[in-house]
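# Geometric and topological summary
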Amino acid sequence: MPEELAIRIEDLSISYKVSLEAKRTLKNAVMRASLKQKERTRTIEALKNFTLDVPHGSVLGIVGSNGAGKSTLMRCIAGILSPTEGRVIVNGKISTLLALGVGFNPALSGRDNIILGGLASGLTREEIESKTDEIAEFAALPDGFIDLPVRTYSSGMYGRLSFAVAVSMTPDILLLDEALSAGDAAFKEKSFERMRQLCAEARTILIVSHALATVTDLCDTAIWMHKGNLLAQGKPEQIVDDYLKFLNVGSLPSSFEDM
Amino acid sequence: MPVSEGFQPKIQVFEPHRASLPPLIPYLKEFWRRRAFATELANFTDKAEYLDSRLGKIWLVLNPLLLGFVYYLVVTIIRPGGNQGLTRLDHLLIGLFTFYFAQNCVTAGALSITAGGRLILNQAFPRALLPFSCALQAFRQFLPTIPVYIFILIAGKWAYPQTQVPGWTWHFLWIPFILICTGLTGFGLALVFATLNVYFRDTNKLLTYITRIWMYLSPVLWLPNSLKGHMKLLLYINPLGPVLNATARVWVNGQSLNKLTIFFCIFWAFASILIGGYFFISRERDFAIRI
């Protein structure tokens, strides 16, 4: 892979089977087997022949309707999901915020949860402990809250802590899925600032967001995904504009009709 | 754009696995590298479990004590003529404690993947670390039962001086072997049930009955030498049979282990890890979709 690339995605397809049974239980499986029936399943093609290069230091926004395959793409880049076909090459340390409240046990304190989340992402205990206060400060937790059980946190505090943990890992590649919806306007501005700082350090960021202003404000390039395909790639303003037209009109622009 | 300061190239390639298993050496290396996560998760889960309890970690000792007392009542009431004094009580206690060590590995491990949903959706790490952490936690919960057992033995000897209790013997050096085999067997079976629970969410309900039946089929409430004829097979075809048989020989009778028992202890430990490991690792890429 060329050195200037952080991520290379080659002809990536991901498909998986989902059960059409109302509830998948052992009891139903045994009943089906005794009646020699097959389970009713449907194959979901989440990504289809997806190809993309992401250079180091770029901030890529990903837009698309629900079911476009955005989260699947992020999880595949993070190594959480495996490709069905094609391959993904990643160069650098990844930090992810794809589901809010990562590793968070509500009975444990914020500090304990930070340690657990950090260890899960591959850091050593010393590395995490040296960052704990910085994380608490960034998450703007009120005094002493870092040592209180997470179940006492408001949803905003919970979201801010998750985001603070993800950005504090000094990743080379940061993957964020709707993470910026956490927190109030002031925290959002602080998050933007932190991400701009990461960009200035030439770190690569991928952002999935339905808040299109986030994409135009933060990203230097954007892609539009539709039903598992890469529909368009370009300047964020242009992509967002096309996507908004699609949302208003409800059909794809004529140039995309073949997709 | 140039790469960031402090950037350390770390190329990772994600491809379809031609065989059903991912490359095993990198997987096991990553498992080992992140072992601190499993130990800390076990620590924190323990901490969270007893955080709201007034008696806190005293429950770690109270639980097995009460359990032993309940089963002792059951056994002496069911078989009033069969009470053999302390020999029966010490066998019952150490059998129960060892069985519960394995059972806790399996039942907590079975839930570890479905309970770790957000972690699994967000982070890439060897998923086997989650049931492994449950096995560590089960071992930690087992440890306080050893002084409890020794205390009861000493107290019993003091109360009933005629009861035979083995004094110190070098055969006790078999105990670490028995515990390692029990832990490995429990962890291997946890891998099987954790995978099943992802696909069939009622597995855990079934597990309640499986473990109950399993205990009745294991030499916990009955002595291994009470089996006659073909029934002796129970000691070998049951994955926990050999370790519980070994437990009775070493802990209760102060005897050494025979070759057959050693062989089956090792056999079930390896078989559980290999079968459980294959079943789990070959399907763990599916977990993020199924959860």
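Overview of the structure.

Criteria and thresholds
Counting starts from 1 at the beginning of each chain's written sequence and moves along it residue by residue. Going through the entries in the order they are written, you letter the chains from A and number the ligands from 1. Where local features are concerned, this predicted model is filtered to residues with pLDDT of at least 70; where side-chain atom pairs are given and counted, the filter is 80 or more; whole-chain, interface and lining totals use all residues. Counting from the N terminus, the helices are DSSP H or I runs at least four residues long and the strands are E runs at least two residues long. Three exposure classes are used. Buried residues have 20 or more other C-beta atoms within 10 Å of their own C-beta, exposed residues have 12 or fewer, and partly exposed residues fall in between, all C-beta atoms being placed from the backbone. Remark: residues whose backbone-derived C-beta atoms lie within 7 Å of one another are considered to be in contact. For helices, the fitted line uses only the C-alpha atoms of the stretch in contact; every axis is such a line through C-alpha atoms, and the angle between N-to-C directions lies from 0 to 180 degrees. Should an angle lie under 35 degrees it is considered roughly parallel, over 145 roughly antiparallel, and from 65 to 115 roughly perpendicular; all remaining angles are considered oblique. Take the far helix as your reference; a near helix turned counterclockwise from it by less than a right angle gives a left-handed crossing, and one turned clockwise gives a right-handed crossing. Following the grouping adopted for this structure description, the nonpolar residues are Ala, Val, Leu, Ile, Met, Phe, Trp, Tyr, Cys and Pro, the charged ones are Asp, Glu, Lys and Arg, and the polar ones are all others, Gly among them. Here, a strand pair is defined by DSSP locating no fewer than two bridges between the strands. Nonpolar core, as used here: buried Ala, Val, Leu, Ile, Met, Phe, Trp, Tyr and Cys residues forming one set through C-beta atoms within 7 Å.

### Quick word on the overall build of chain A
- Secondary structure summary: chain A contains nine helices and nine strands in total.
- Over its C-alpha atoms, taken along the principal directions, chain A stretches across nearly 60 × 50 × 40 Å.
- A buried classification covers 48% of the 259 residues belonging to chain A.
- Within chain A, contacts between residues at least 6 apart in sequence are counted, and of these 71% link residues at least 24 apart.

### What about the packing of helix H6 (residues 129-142) of chain B against helix H8 (residues 175-199) of chain B?
All names here are of chain B.
- Put simply, H6 and H8 touch, their axes get as near as 9 Å, and they point 140° apart. Compared by their axis directions, H6 and H8 come out oblique. Between H6 and H8 lies a crossing whose hand is right-handed. Where H6 abuts H8, its residues Pro131, Phe132, Cys134, Ala135, Ala138 and Phe139 lie against Gly183, Gly186, Phe187, Ala190, Leu191 and Ala194.
- For the contact of H6 with H8, the class distribution of residues is ten nonpolar, two polar and no charged.

### Let's talk about the interface of chain A and chain B
- Counting from both sides, the interface comprises 47 residues of chain A and, opposite them, 40 residues of chain B.
- Residue assignment for the side of chain A that touches chain B shows that the elements contributing at least two residues are helix H1 (26-34), helix H2 (70-77), strand E4 (85-91) and helix H3 (110-120) of chain A.
- With six residues, E4(A) is the largest single contributor of residues to the side of chain A that touches chain B.
- Across the side of chain A that touches chain B, the residue classes tally to 22 nonpolar, 14 polar and eleven charged.
- Taken together, the four bridges between E4(A) and strand E1 (residues 11-14) of chain B define a ladder with antiparallel strand orientation. Each bridged residue has a counterpart across the sheet, and for Ile89(A) the counterpart in E1(B) is Val13(B).

### Concerning the environment of Ala194(B)
Residue and element names in this part refer to chain B.
- You can see Ala194 is positioned in helix H8.
- Residues Ala194 and Lys29, spaced 165 residues apart in sequence, show a C-alpha to C-alpha distance of 22 Å.
- If we skip the residues at most four places from it in the chain, Ala194 touches Gly109, Ala110, Ser112, Ile113, Pro131 and Phe280.

### Observations regarding the sheet that holds strand E1 (residues 5-19) of chain A
- In space, the four strands of this open sheet follow the order E2(A)-E1(A)-E4(A)-E1(B), with antiparallel pairing throughout. Looking at strand neighbours, the two that pair on one side only are strand E2 (41-55) of chain A together with E1 of chain B, the edges of this open sheet. Each adjacent strand pair in this sheet contributes to an overall mean axis angle of 20°, direction not counted.

### Some points on unusual backbone geometry
Residues and elements named next belong to chain A.
- The phi dihedral of Asp11 is positive, around 50°, even though this residue is not glycine.
- Secondary-structure assignment places Asp11 in strand E1.
- C-beta crowding within 10 Å serves as the criterion here: with 12 such atoms nearby, Asp11 is assigned to the exposed category.
- For Lys36, which is not glycine, the phi torsion reads 55° and is therefore positive.
- Looking at the element boundaries, Lys36 is found in the loop between H1 and E2.

### A closer look at the pairing of strand E3 (residues 59-63) of chain A
Residues and elements named next belong to chain A.
- Within E3, five of the five residues are buried, which leaves the element mostly enclosed by the surrounding structure.
- Here E3 shows no split at all, with Val59, Gly61 and Val63 on one side and Leu60 and Ile62 on the other all buried.
- Inspection of the sheet shows E3 paired to strand E7 (residues 204-208) by four bridges, in the parallel sense. Each residue of the ladder has a partner; that of Gly61, found in E7, is Ile207.
- Of the strand pairs in this sheet, E3 and strand E8 (residues 221-226) are connected by four bridges, and their pairing is parallel. By the bridge assignment, Ile62 is partnered in E8 with Ile223.

### What to know about the nonpolar core
- Core analysis: the largest hydrophobic core is formed by 142 residues, its most contacted members being Ile77(A), Leu175(A), Ile205(A), Ile207(A), Cys105(B) and Ala190(B).
- It is helix H4 (residues 86-115) of chain B that contributes the most residues to this core, 15 residues altogether.

### So, the environment of Tyr72(B)
Residues and elements named next belong to chain B.
- With respect to the element layout, Tyr72 can be found in helix H3 (residues 59-78).
- Along the chain, Tyr72 and Leu93 lie 21 residues apart, while their C-alpha atoms are 8.4 Å from each other.
- With near-sequence residues (within four places) excluded, Tyr72 lies in contact with Leu89 and Leu92.

### With respect to the sheet that holds strand E6 (residues 173-177) of chain A
Residues and elements named next belong to chain A.
- The six strands are arranged E5-E6-E7-E3-E8-E9 in an open sheet whose pairing can be described as mixed. The sheet is open, and its two borders are formed by strand E5 (94-97) and strand E9 (229-234), each paired with just one other strand. Across the sheet, the mean angle from the axis of one strand to that of its neighbour is 15°, orientation sign disregarded.
- Sheet topology places E6 next to E7; five bridges connect them, and they run parallel. Residue pairing for E7: Leu174 is matched across the bridge by Ile205.
- Each of E3, E8 and E9 is contacted by helix H9 (residues 236-249), which is oriented at about 25° to E8, the strand it contacts most.

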